[in-house]
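The primary structure of each chain is shown beneath.
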Amino acid sequence: MARRSVPPPRPDPEWSRPANAMLASLGATRAGLSQAAAAERLRRTGPNIVREEGHQGVIGLALRQIQSPLVLILVFAALIAGVMQEWLEAAIILSIVLGSSALGFTQEYRASNAVAQLRQRLALLAKVRRGGEVTAIPFSEIVPGDIVLLSAGAIVPADAIVLEAQDLLVSEAALTGESFPVEKRPGLAAADAPLAERTNMVFLGASVRSGMAEVLVVHTGKATQYGAIAERLKTKPAETDFARGVRQFGGLLVQVMVAVVIFVLVVNQLLGRPFIESLLFAVALGVGLSPELLPAIISVTLAAGARDLAKRGVLVRQLDAIENLGGMTVFCTDKTGTLTEGQIVLEAATDVHGQASPEVTRLAFLNAAFETGIANPLDEALMAAGAAAGLETKGHLKVDEIPYDFTRKRLTIVVQSQAAPQERLLITKGAFSNVLDLCATWRDGDREAPLTAAARAQLEALFQARGEEGFRVLALATRVMEVRPDYVLADETQMCFQGFLVFMDPPKPEAAEAIAALAALGVAVKVLSGDNRHVVGHVARSLGLDTDTLLTGAEVAVLKDEALWNLAERTAVFAEVDPQQKERIVRALQRMGHCVGYLGDGINDAPSLFTADVGVSVEGAVDVARQSADVVLTRRDLGVLRDGVVGGRRTFANTLKYICITTSANFGNMVSMALAAPFLPFLPMAASQILLNNFLSDLPSIAIASDTVEASQLGSAQRLGVADIRRFMIVFGLVSSVFDLLTFAVLLRLFRANEATFQTAWFVVSLLTELAVVMVLRTRLPAWRSRPGTLLAVTTAGVAIVALATPYLGGLSALFGLTPLSGVLMAALLAIVLGYVAATEAVKLWFFRPHR
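Analysis parameters
- Residues numbered from 1 in each chain as written.
- Predicted model: local features only at pLDDT ≥ 70, side-chain atom pairs only at ≥ 80, totals over all residues.
- Heavy atoms only, no water.
- Helix = DSSP H or I, 4+ residues; strand = E, 2+ residues; numbered from the N terminus.
- Buried < 20%, exposed > 50% of the residue type's maximum accessible area, 1.4 Å probe, protein only.
- Contact = heavy atoms within 4.5 Å.
- pLDDT = per-residue confidence, 0-100.
- Axes fitted to C-alpha atoms, helices over the stretch in contact; angles between N-to-C directions.
- Left-handed = near helix turned anticlockwise from the far one by under 90°.
- Nonpolar A, V, L, I, M, F, W, Y, C, P; charged D, E, K, R; others polar.
- Pairing = 2+ DSSP bridges.
- Core = buried A, V, L, I, M, F, W, Y, C linked by side-chain atoms within 4.5 Å.
- Expected span 1.5 Å × (residues − 1).
- Patch = residues over 30% accessible without salt bridge, like charges linked within 9 Å, V, L, I, M, F, W, Y side chains within 5 Å.
- Areas by Shrake-Rupley, 256 points an atom, 1.4 Å probe, with all protein chains shown as cover.
- Salt bridge = Lys/Arg side-chain N within 4 Å of Asp/Glu carboxyl O.
- Phe/Tyr/Trp six-rings, centres within 6.5 Å; stacked < 30°, edge-to-face > 60°.
- Lys NZ or Arg CZ within 6 Å of the ring centre and 35° of its normal.
- Parallel < 35°, antiparallel > 145°, perpendicular 65-115°, else oblique.

Regarding the overall build of the chain
Now for step 1: For the chain, the helix and strand inventory stands at 30 helices and 23 strands.
Now for step 2: The buried share among the 852 residues of the chain stands at 54%.
Now for step 3: Taking the intrachain contacts of the chain between residues at least 6 apart in sequence as the baseline, contacts between residues at least 24 apart amount to 74%.

Laid out in structure tokens, this is it:
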């Protein structure tokens, strides 16, 4: 009897194995991989990417062109023509399909490369030890075995084992659902420990809230926990208003196209015309109605907009965000660095009576010097002041740290002095009220006195007075404790209030002007700040914002959602709000129908950046803020943001131009031919002529991305409303149809045109009217008062020349069944085109009268 083979035992998971064993199994050392070894692993494991961010290769873009339902319909029509041995018809259809696809591919390829370059500029970098030296490399180049250094504000670039950690708090909400940060430290976890209990591991996508760490990468890309979840769920980003509008618009076109095809096919069959010829005509008619270059036009226009915004200092991470940027009606921002200079300096360190205190300066310097958590300008200012005063940390040893968090709003450092080794000193700095609540005594001169109600009132009055002067004020407290291994939150009690830290961060001179400029664009600026109400109110008033309705975090906390919905819309300034309240305010504004922008650069801003319709960060922000944002500014300046809003509206306006102009012109022509077909002894235009007409009329549309946009269209947010497009299409399409029918009458009654002459004349007129209407409908102003973009004007004129010359180009005209026209007939056709332009101009002024 054969012995059954026993499978080898499964190796213990990485979180239950000692760090040295994991280093050995990965062929890594604490000095890091060599560059050659890392390159070989990158080749073997592939880039550290969960999914591509929308960038397609050459093959992907090519396939996208032929996956269009419109292209497939045309290929089907060509196959039918081939089966019926209509080889010329099939060749013409396929040539136009290839021409349209090549045009779309070329434009989208250029747009895709431009977006890829922008994303490369915004790519996140990780600090990695390679060959004993620390270097910054893109996330995508990290491989298993890399040693990565993490610090506050960083995003974890891969799944990794913690080798060293100091006060490391990590937010893993996206993976575990736990909203509070969790502490990570070296060690072992049980082999069967669930993800939330693997305290010796950090995972791709988590963000470091505080502390520092050195970690060993064990999994990258799709092999990570995040990658596995993303692969299972195949999650897609939320659909933007713009994308939803385009999708609904596509549905509208399909409905109209199906109705036109069925109507024309049925009528032609009732008239006894050949089925194949009628089918090809009906399909070409339906295809001619739709703007088949719309995907390419949208890609080109958005990419051109992204390039233009990049020149102005606005880097776009998600192209669809351009529309939301232009559609923004409310912009929420913190004050520091955006409304103020962001160059914070320590104005004074005072005792409890407001007098300068070298001791308070020394204690604050030690707190800032030993902090390993979130880097911030306040600590930088304290370090600078300490250096100027000749202070240093020599003689003091850091024992522990209770990191800052946005609930406590304070940071505690535990130090030991060589002069007093038998005791430890807790030094706490933070928001005034949060620190004051910990104190039982205060430093009154050389003595420590009980903190009475009168003493509290004196401190609160001094704090309020400095705040109303525009200063940001923190409090400082200490506590002497016994020696022990570590210290916890519960030790922040029975402290002694030492004094105040007074900082100055003056308002930017240009901030008031930028706020007024945004208001002129219909964008209301709202300040959401964690600072105290006095400082925030002072800054807001100096910039012309209304502070009469100022709401504090405490007041927001007790409001029901319905009450906040209404108050948020009427309130310009929110003070003392925490990150959760900022996110709640953003949602309240969205609930009232606003398109909300939010600017943030800190760890606590990530939830609001993600929730807002358009998250805005700055190039120097922490990783988690930049990764959560849709748009990144190269500098903190509302003037740059104002340029971004205008650029977004310009891009959206040009995209909308193409959709409206092309659909109305095509709709008019298709309706005309559908109505005329039953009454003509022949088809008004051959299928190949319809497709050529549609292809040529689309050529200038590529240039719409560079067209000028008048100020009236930039002054307010716009939306892609299907109902408005439908109305535009019907009104201007029917104007076109009136002149089309007039053309038919002139051709048949006055010139007694035969089939070839009729189709040629109608080909020329329909193409010229489609080109002319671009010049008329591209602006809401009278056409002669709005100068088109140079590229648009040149391409339109070029195609118009081709339209007039095609009937006389011998072989080409014969290929498409066209014939030369007499001078008298051509003059009559041009007169009809001029009449159509005049009529369209008149109807346009009526159509847009509410906007004038």
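Side note on the confidence of the model for the chain
Now for step 1: Averaged over the chain, the pLDDT score is 81; the fraction of residues at 70 or greater is 81%.
Now for step 2: Ignoring residues within four places in sequence, the model shows residues 232–236, a span with pLDDT below 50, making 2 contacts including any to other chains.

Looking at the packing of helix α27 (residues 755–777) against helix α30 (residues 823–847)
Now for step 1: One can describe the packing of α27 onto α30 by two numbers: an axis separation of 9 Å at closest approach and a directional angle of 35°. Between α27 and α30 lies a crossing whose hand is right-handed. Only Leu825, Met826, Leu829, Leu830, Val833, Tyr836, Val837, Thr840, Glu841 and Lys844 of α30 make contact with α27, whose side of the interface consists of Thr757, Ala761, Val764, Val765, Leu768, Thr769, Ala772, Val773, Val776 and Leu777.
Now for step 2: Here the residues of the contact of α27 with α30 sort into 15 nonpolar, 3 polar and 2 charged.

Let's talk about the sheet that holds strand β22 (residues 614–618)
Now for step 1: Strand order across the open sheet formed by 8 strands is β8-β23-β22-β21-β9-β18-β20-β19, with mixed pairing between neighbours. Two strands in the sheet have a free side with no partner beyond their single neighbour: β8 (314–316) and β19 (551–552).
Now for step 2: Bridge analysis of strand β18 (residues 524–528) against strand β20 (residues 573–575) gives 2 bridges, and the strand direction is parallel. Within β20, the position partnered with leucine 528 by the bridge is phenylalanine 574.
Now for step 3: On the sheet, helix α17 (residues 533–542) packs against β18, β19 and β20 and is oriented at approximately 155° with respect to β20.

Topic: unusual backbone geometry
Now for step 1: A positive phi angle, near 50°, is found at glutamine 494, a position not held by glycine.
Now for step 2: For glutamine 494, a relative accessible area of 54% translates into the label exposed.
Now for step 3: Of note, arginine 752 is a non-glycine position whose phi angle comes to about 50°, a positive value.

Considering the pairing of strand β9 (residues 330–333)
Now for step 1: The alternating pattern of β9 places Val330 and Cys332 on one face and Phe331 and Thr333 on the opposite face, and all of these are buried.
Now for step 2: Relative to β18, β9 runs parallel, the two sharing 4 bridges. Bridge assignment links threonine 333 to a residue of β18, and that residue is valine 527.
Now for step 3: For β9 and strand β21 (residues 596–599), the ladder comprises 4 bridges, and the chain directions are parallel. Looking at the pairing, threonine 333 lines up with leucine 599 of β21.

A short note on the nonpolar core
Now for step 1: Of all hydrophobic cores here, the largest spans 41 residues; its most connected members are Leu325, Met328, Phe331, Val616, Val631, Leu633 and Leu641.
Now for step 2: Per element, the largest residue contribution to this core is 6 residues, and it comes from helix α23 (residues 638–676).
Now for step 3: Dropping the residues within four chain positions of it, valine 616 is found in contact with Phe331, Tyr598, Leu599, Gly600, Leu609, Ala629, Val631, Leu633 and Leu641.
Now for step 4: If you look at the next biggest cluster of nonpolar residues, it comprises 32 residues, including Met673, Met685, Trp762 and Val765.

Overview of α23
Now for step 1: For α23, spanning 39 residues, the distance from its first C-alpha to its last is 57 Å, which sits close to the expected 57 Å at 1.5 Å a residue.
Now for step 2: Within α23, 34 of the 39 residues are buried, which leaves the element mostly enclosed by the surrounding structure.

Some thoughts on a nonpolar patch on the surface
Now for step 1: Together, Val258, Ile262, Val266 and Leu270 make up an exposed nonpolar region whose accessible area comes to about 390 Å².
Now for step 2: Looking at where isoleucine 262 falls in the secondary structure, it is placed in helix α8 (residues 241–270).

Thoughts on the environment of isoleucine 427
Now for step 1: As for its placement among the helices and strands, isoleucine 427 is situated in strand β13 (residues 420–431).
Now for step 2: Along the chain, isoleucine 427 and glutamate 401 lie 26 residues apart, while their C-alpha atoms are 9.7 Å from each other.
Now for step 3: Other than its neighbours up to four places away in sequence, isoleucine 427 contacts Leu363, Leu366, Asn367, Leu411, Thr412, Ile413, Val415, Leu476, Ala477 and Thr478.

Things to note about the packing of aromatic side chains
Now for step 1: Considering all chains together, one arrives at 13 aromatic pairs under this definition.
Now for step 2: Consider the rings of phenylalanine 432 and phenylalanine 463, whose centres lie 4.3 Å apart with planes at 10°: the pair is stacked. Of this pair, phenylalanine 432 sits in helix α14 (residues 432–436) while phenylalanine 463 is found in helix α15 (residues 453–468), placing the two residues 31 residues apart along the sequence. Phenylalanine 463 carries the same exposure label as phenylalanine 432, and that label is buried.
Now for step 3: Through pairs of rings, three or more aromatic residues link up here, namely Phe728, Phe732, Trp846, Phe847 and Phe848.
Now for step 4: Above the ring of tryptophan 15, the side-chain terminus of arginine 198 is found at 3.6 Å from the ring centroid.
Now for step 5: The positively charged end of arginine 466 is found above the aromatic ring belonging to phenylalanine 471, 4.8 Å away from the centroid.

What to know about the pattern of salt bridges
Now for step 1: Evaluation of the coordinates by the stated rule reveals 24 salt bridges.
Now for step 2: A salt bridge links lysine 398 to glutamate 401; the shortest N-O distance between them is 2.5 Å.
Now for step 3: With relative accessibility at 4%, the residue glutamate 401 sits in the buried group.
Now for step 4: A salt bridge links aspartate 707 to lysine 657; the nearest nitrogen and oxygen atoms lie 2.6 Å apart.

As for the packing of helix α16 (residues 511–520) against α23
Now for step 1: At a closest axis distance of 9 Å, the pairing of α16 and α23 adopts a crossing angle of 20°. Here α16 is positioned roughly parallel relative to α23, judged by the angle of their axes. Where α16 crosses over α23, the handedness of that crossing is left-handed. On α23, the residues touching Ala514, Ile515, Ala517 and Leu518 of α16 are Leu638, Gly639, Leu641, Arg642 and Val645.
Now for step 2: Split into classes, the residues belonging to the contact of α16 with α23 amount to 7 nonpolar, 1 polar and 1 charged.

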